[in-house]
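Descriptive structure summary
Below are the chains, spelled out letter by letter.
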Amino acid sequence: MAADSVPVFKLPESVLVVVHTPALDVLLIRRAGGGPAHWQSVTGSKDFPEEPFEAAAIREVREETGIDACAPGHVLTDWFLENEYDIWPQWLYRYAPGVVRNRERLFGLCVPAGTAVVLSPREHDAWRWLPWRDAAQACFSPSNAEACLMLPRHAHAVHRPAAGPVPRG
């Protein structure tokens, strides 16, 4: 790092996106270097404090899976739920000194069965679709498992369209 460069820390505000099909099969991705049991949904931090959670969700889904959350037939839904949790000790170095808690906003993304998945190999090394109960069992994170278990309730709720231009009539 150059003498005049400033360290860039992760923001303690993130998204968790449960990507699923209409049949409630859930996409899980395995974190590279996390071990064989490190299965999770799409997650990631906001890039800047003013970034809307919905924009972060759209970006993270594209970065981690190659899926366009705004594509026709895809429905991104803000569940209007947040988790707050202690940041795991092994990840604290990524955050500014003194930051020990993270706030995570939950989303669902319904995609057609057979949607192609293209992983970012620096972040994830495998993917699989599982029925929602099996996905909950496979998640390493308790809050991710809980989100999978909440899927049936939220998947059938009234969906708000993903961000995009508002049609003018």
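Moving on, we come to the overall build of the chain. Looking only at helices and strands, the chain has three helices and seven strands in total. Evaluated residue by residue, the chain yields a buried proportion of 46% over its 169 residues. For the chain, long-range pairs separated by at least 24 residues make up 72% of all intrachain contacts whose partners lie at least 6 apart in sequence. A total of about 9200 Å² of accessible surface is found on the chain, and carbon and sulfur atoms cover 60% of it.

Compared with the 18 Å implied by 1.5 Å per residue over 13 residues, the 18 Å span of helix α1 (residues 53-65) between its first and last C-alpha is a close match. Looking one or two residues beyond α1, the residue adopting positive phi is Gly 66, at roughly 80 degrees.

Looking now at the pattern of salt bridges. Under the defined criterion, the tally for this structure stands at 14 salt bridges. When the shortest N-O distance is used, the salt bridge between Glu 13 and Lys 46 registers 2.9 Å. Separated by 33 residues along the polypeptide, Glu 13 in strand β1 (residues 13-20) and Lys 46 in the loop between β4 (42-45) and α1 bring together distant segments of the chain. In this structure Lys 46 comes out as buried when scored by relative accessible area, which is 7%. Linking Glu 51 and Arg 59 is a salt bridge whose minimum nitrogen-to-oxygen distance equals 3.0 Å. Across this residue pair, the class does not change: Glu 51 and Arg 59 are buried. One connected set of salt bridges, linked through shared partners, spans Glu 13, Lys 46, Asp 78, Glu 82, Arg 103 and Arg 105.

On to unusual backbone geometry, then. With phi around 70 degrees, Leu 24 is a residue other than glycine that occupies positive phi space. For Leu 24, the position within the fold is in the loop between β1 and β2 (25-31). For Phe 80, which is not a glycine, the phi torsion comes out positive at approximately 55 degrees. Along the polypeptide, Phe 80 turns up in strand β5 (residues 75-86).

To continue, consider the confidence of the model for the chain. Per-chain confidence: the chain averages 90 in pLDDT, with 88% of residues scoring 70 or above. Long-range and interchain partners of residues 158-169, a stretch whose pLDDT sits below 50, account for 18 contacts in this model, where long-range means more than four residues apart.

For helix α3 (residues 142-155), spanning 14 residues, the distance from its first C-alpha to its last is 20 Å, which sits close to the expected 20 Å at 1.5 Å a residue. Every buried residue belonging to α3 is among Ser 143, Asn 144, Ala 145, Ala 147, Cys 148, Met 150, Leu 151, His 154 and Ala 155, and all of these are buried. Taken together, the buried residues of α3 touch β1, β2, β3 (39-40), β5, β6 (101-110) and α2 (132-138).

What counts, and where the lines are drawn
Residues numbered from 1 in each chain as written. Predicted model: local features only at pLDDT ≥ 70, side-chain atom pairs only at ≥ 80, totals over all residues. Heavy atoms only, no water. Helix = DSSP H or I, 4+ residues; strand = E, 2+ residues; numbered from the N terminus. Buried < 20%, exposed > 50% of the residue type's maximum accessible area, 1.4 Å probe, protein only. Contact = heavy atoms within 4.5 Å. Areas by Shrake-Rupley, 256 points an atom, 1.4 Å probe, with all protein chains shown as cover. Expected span 1.5 Å × (residues − 1). Salt bridge = Lys/Arg side-chain N within 4 Å of Asp/Glu carboxyl O. pLDDT = per-residue confidence, 0-100.

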